[in-house]
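# Reading the structure
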Amino acid sequence: MTKENKIIFIGPMGAGKSTAISTISDEAPVATEARNSNTAQVNKATTTVAMDYGRILLDNNDSVHLYGIPGQQHFSFIWPIVAKGALGAILLLDCSQSNWKQQLLVFLQAFESMAHSGRIAIALNRSLFTDTEECFDILSEENIFAPVFNADPRNRDDVLLLLQALIANAESEDFLDE
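What counts and how
Residues numbered from 1 in each chain as written. Predicted model: local features only at pLDDT ≥ 70, side-chain atom pairs only at ≥ 80, totals over all residues. Heavy atoms only, no water. Helix = DSSP H or I, 4+ residues; strand = E, 2+ residues; numbered from the N terminus. Buried < 20%, exposed > 50% of the residue type's maximum accessible area, 1.4 Å probe, protein only. Contact = heavy atoms within 4.5 Å. Areas by Shrake-Rupley, 256 points an atom, 1.4 Å probe, with all protein chains shown as cover. Pairing = 2+ DSSP bridges. Disulfide = S-S within 2.5 Å. Phe/Tyr/Trp six-rings, centres within 6.5 Å; stacked < 30°, edge-to-face > 60°. Arc of directions from axis to C-beta.

## Details of the overall build of the chain
Broken down by element type, the chain carries 6 helices and 8 strands. Secondary structure elements in the chain, listed N-terminal to C-terminal, are β-α-β-β-β-β-α-β-α-α-β-α-β-α. Counting every position in the chain, which comprises 178 residues, the buried fraction comes to 47%. Within the chain, counting contacts between residues at least 6 apart in sequence, those at least 24 apart form 67% of the total. Carbon and sulfur atoms provide 51% of the accessible area of the chain, an area that totals close to 9300 Å².

## Side note on the pairing of strand E6 (residues 88-94)
Within E6, 7 of the 7 residues are buried, leaving the element largely enclosed by the surrounding structure. Of the two faces of E6, the one lined by Gly 88, Ile 90, Leu 92 and Asp 94 and the one lined by Ala 89, Leu 91 and Leu 93 are each fully buried. Looking at chain direction, E6 and strand E7 (residues 120-125) are connected through 6 bridges and run parallel. Residue Leu 91 lies in a different strand from E7, and its bridge partner there is Ile 122.

## A word on the state of the cysteines
In this structure the tally under the stated criterion is 0 disulfides. Not part of a disulfide, Cys 95 finds its nearest cysteine sulfur in Cys 135, a span of 7.4 Å. On the basis of relative accessible area, Cys 95 is assigned to the buried category, the value being 10%. The exposure class of Cys 135 is buried, given its relative accessible area of 0%.

## Looking at the packing of aromatic side chains
Taken as a whole and assessed by the stated rule, the structure comprises 3 aromatic pairs. Residues Trp 79 and Phe 107 carry aromatic rings whose centres are separated by 4.9 Å and whose planes lie at 35 degrees to one another, so their mutual orientation is tilted. Residue Trp 79 is found in helix H2 (residues 79-83), and its partner Phe 107 is found in helix H3 (residues 100-110); the two are separated by 28 residues along the sequence. Accessibility classification places Trp 79 together with Phe 107 in one group, the buried group.

## Some points on helix H1 (residues 17-24)
Since the α-helix advances by 3.6 residues per turn, residues separated by three or four positions end up pointing in the same direction. Inspection of H1 places Lys 17, Ala 20, Ile 21, Thr 23 and Ile 24 among the buried residues, and these make up the whole buried set. For H1, the angular spread of buried residues about the axis comes to 160 degrees, placing them on one side.

## Here's the deal with unusual backbone geometry
Unlike most non-glycine residues, Arg 126 shows phi in positive territory, near 55 degrees. Relative to the assigned elements, Arg 126 resides in the loop between E7 and helix H5 (129-141). Taking the relative accessible area as the measure of exposure, Arg 126 reaches 53% and is therefore exposed. Phi is positive for Asn 143, which is not a glycine, with a value near 60 degrees. Assignment of secondary structure puts Asn 143 in the loop between H5 and strand E8 (148-150). The exposure class of Asn 143 is exposed, given its relative accessible area of 52%.

## Quick look at the pairing of strand E4 (residues 52-57)
In terms of strand pairing, E4 meets strand E5 (residues 63-68) through 6 bridges, oriented antiparallel. Paired with Tyr 53 across the strands is Tyr 67, a residue of E5. Between the end of E4 and the start of E5, which pair antiparallel, lie 5 residues, with Asn 61 showing a positive phi angle near 70 degrees.

This is the structure in structure tokens:
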């Protein structure tokens, strides 16, 4: 019997969610891109308005379904819909954005049950060593234990490492809950 897992990619607009999914998906991802009407916030031509979808097929015919949420706050109503049934989440943050720490807190709060149950991994894009330290400090203040990586969403190995860390963390939490 095949097993199917669902992983969601969360984070603010421009953090690299769509890119990460397209980097690791074994098939062409489905994207719901529209013209970006807020280029002052993030200078990019298009942005996700519903979700992205990709899939990884594993050697044993199991698959991992990859969903990316739209990062803008006004689309937050769709976040719990996309998250339903997910094993966990990868939170991507662009540390070149001045508000990345506030965004970290926004997404930790929005996905609080995943964050507090070990079902979240954090990817810092365009980061410095001090950003990693600050991220760990914030997680500690929030009493959240999550793996944190400096990761480039264009790099397949980086994104696969995030997936492996997330799955290992989630499985260890399942083991501890038994």
